[in-house]
Amino acid sequence: MYHAKVYSAASATSSLKSSTILRREPTEHDVQIDILFCGICHSDLHQVRNEWKSTMPTGYPCVPGHEIVGRVTRVGAAVKKFKSGDLAAVGCLVDSDRTCSECQAGLEQFCPNMTLTYNSPDKHLGGVTYGGYSDSIVVDERFVLRVPSHLNLAGVAPLLCAGITTYSPMRHWNVTKGKKVGVVGLGGLGHMGVKFARALEAHVVVFTTSSNKKEDALRLGANEVVVSRDAEAMQKCAGSFDFILDAVSADHDINPYLNLLGRDGNITLVGAPEHPLPVAAFGLIFRRRSLSGSPIGGIAETQGMLDFCGRHNITADVEVIPIQMVNEAYDRLLKSDVKYRFSIDMASLGHE
Ligand SMILES: [Zn+2]
Ligand SMILES: [Zn+2]
């Protein structure tokens, strides 16, 4: 084992502070990565504060972070995919049972025995896994992704959660050239949804509650922007969409969006509002519409997403911060005061 520098929370009410943890020495299939950037995901904040205690109680100390990009420094003897010096990335998963039907289908995100990058039981050292707010991490090569070398690495980090979370449902629901796609909520997830839908050559419409996001939506790749409070504008789009990505995590009414879908249209939720959403049955029955949700993606699809980003020059729009600003960043995240994702420059951890 070796000591790694981290920022960790000691309890649900304490702020993140500089500390050290133990990591395993790389075993024969492991890759050790020096972390260059780690994105800040809303899940980090929820878990640091133990806000998901009923389904996923937080083990402390908690070292969050599952949008990790860095450089390989050591590899185990049996590692084939990576060598020292390569760029590498790690997302929300660091292991799974590899034997269940989900794993065999390459859908590790549905494995009942998956190991999350942080706050999951650690098979190697006991306790919980520790995430990417750290100077390094050790992960089995099967869960380590290759990174296109020409992309901006600070903007690559958020692809590992926000990126795959929006890319995966678009592929599943067959977003292609000529399809009409809506994106609701222009935050960390939504802004990636706009970029992907545009790169997939769909006609992209962003729905926003305030018209002041219009310019930004167009810059990110939207073909049109509709203010969702404008009932007339909403009615004009009724029945015309193939797919809508709902990336809103606050409580909201989805029925007006169901009404926008055409025959066999689908709306997929990727945000997680606190309370159950009421759904009018006829909104689904007419035109055989469907409502679904989607979590991250499997390892093969995540690699496919990164390769797609390489071909289309897609990265997240980020505000790069030193790790010392992470608590302030959490406060701003709660106010949606970021365009569109924080990415921590992990070189700043060297100053601790
Ligand atoms: Zn995340
Ligand atoms: Zn499995």
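Residues numbered from 1 in each chain as written. Chains lettered and ligands numbered in written order. Predicted model: local features only at pLDDT ≥ 70, side-chain atom pairs only at ≥ 80, totals over all residues. Heavy atoms only, no water.

## Some details on the coordination of the zinc ion (ligand 2)
Thought 1: Around the zinc ion (ligand 2), the donor atoms from the protein are D97 (OD), C100 (SG), C103 (SG) and C111 (SG), and they sit 2.1 to 2.3 Å away.
Thought 2: All donors of the zinc ion (ligand 2) belong to a single chain; written as a sequence motif, their spacing is D-x2-C-x2-C-x7-C. With C100 in the loop between β6 (93–95) and α2 (101–104) and C111 in the loop between α2 and β7 (115–116), this pair connects stretches of sequence that are 11 residues apart. Note on accessibility: C100 and C111 belong to one class, buried. (Donors = N, O, S within 2.8 Å, 3.2 Å for Na, K, Ca; no water. Helix = DSSP H or I, 4+ residues; strand = E, 2+ residues; numbered from the N terminus. Buried < 20%, exposed > 50% of the residue type's maximum accessible area, 1.4 Å probe, protein only.)

## Some points on helix α11 (residues 326–334)
It helps to recall that an α-helix has 3.6 residues per turn; residues three or four apart then point in one direction.
Thought 1: Those residues of α11 lying buried are V326, A329, Y330, R332 and L333. The buried residues of α11 occupy one face: seen down the axis, they fall within an arc of 165°.
Thought 2: Residues of α11 that are buried sit in contact with β1 (2–8), α1 (42–48), β15 (318–322) and β16 (341–345).
Thought 3: One or two positions beyond α11, positive phi appears at S336, with a value near 55°. (Arc of directions from axis to C-beta. Contact = heavy atoms within 4.5 Å.)

## A word on the sheet that holds strand β9 (residues 180–184)
Thought 1: What the six strands build is an open sheet, ordered β11-β10-β9-β12-β13-β14; its pairing is parallel. With partners counted over all chains shown, the strands left at the sheet margins are β11 (224–227) and β14 (290–293), one partner each. Looking at each pair of strands side by side, their axes are set apart by 20° on average, direction ignored.
Thought 2: Sheet topology places β9 next to strand β12 (residues 241–246); four bridges connect them, and they run parallel. Bridge pairing links V183 to L245 in β12.
Thought 3: Packing of helix α4 (residues 162–172) onto the sheet brings it into contact with β12 and β13 (261–269), and relative to β12 it is tilted by some 160°. (Pairing = 2+ DSSP bridges. Axes fitted to C-alpha atoms, helices over the stretch in contact; angles between N-to-C directions.)

## As for the side chain of R341
Thought 1: Its place among the elements puts R341 in strand β16.
Thought 2: Accessibility expressed as a relative area gives 8% for R341, which makes it buried.
Thought 3: Polar side-chain contacts of R341 include one of 2.7 Å to the side chain of E67.
Thought 4: Excluding its chain neighbours within four sequence positions, the residues that come into contact with R341 are I40, C41, E67, P158, A162, G188, D317, V318 and E319. (Polar contact = N/O pair within 3.5 Å; in protein donor to acceptor, adjacent residues only side chain to side chain.)

## What to know about the pairing of strand β4 (residues 68–75)
The side chains of a regular strand alternate between both faces of the sheet.
Thought 1: Sheet topology note: the strand β3 (residues 30–39)/β4 ladder contains seven bridges and is antiparallel. Across the sheet, F37 pairs through a bridge with V69, a residue of β4.
Thought 2: Bridge count for β4 against strand β5 (residues 87–90) is four bridges, and the pairing is antiparallel. Each residue of the ladder has a partner; that of I68, found in β5, is V90.

## Digging into a nonpolar patch on the surface
Thought 1: Together, M1, L22 and L125 make up an exposed nonpolar region whose accessible area comes to about 270 Å².
Thought 2: Mapped onto the fold, L22 is located in strand β2 (residues 17–23). (Patch = residues over 30% accessible without salt bridge, like charges linked within 9 Å, V, L, I, M, F, W, Y side chains within 5 Å. Areas by Shrake-Rupley, 256 points an atom, 1.4 Å probe, with all protein chains shown as cover. Salt bridge = Lys/Arg side-chain N within 4 Å of Asp/Glu carboxyl O.)

## Regarding the coordination of the zinc ion (ligand 1)
Thought 1: For the zinc ion (ligand 1), the protein coordination sphere consists of C41 (SG), H66 (NE2) and C161 (SG), at 2.0 to 2.2 Å.
Thought 2: Between the donor residues of the zinc ion (ligand 1), the gaps in sequence give the motif C-x24-H-x94-C. You can see C41 sitting in the loop between β3 and α1 and its partner H66 sitting in the loop between α1 and β4, a full 25 residues away along the chain.
Thought 3: Overall, C41 belongs to the buried group, its relative accessible area being 5%.

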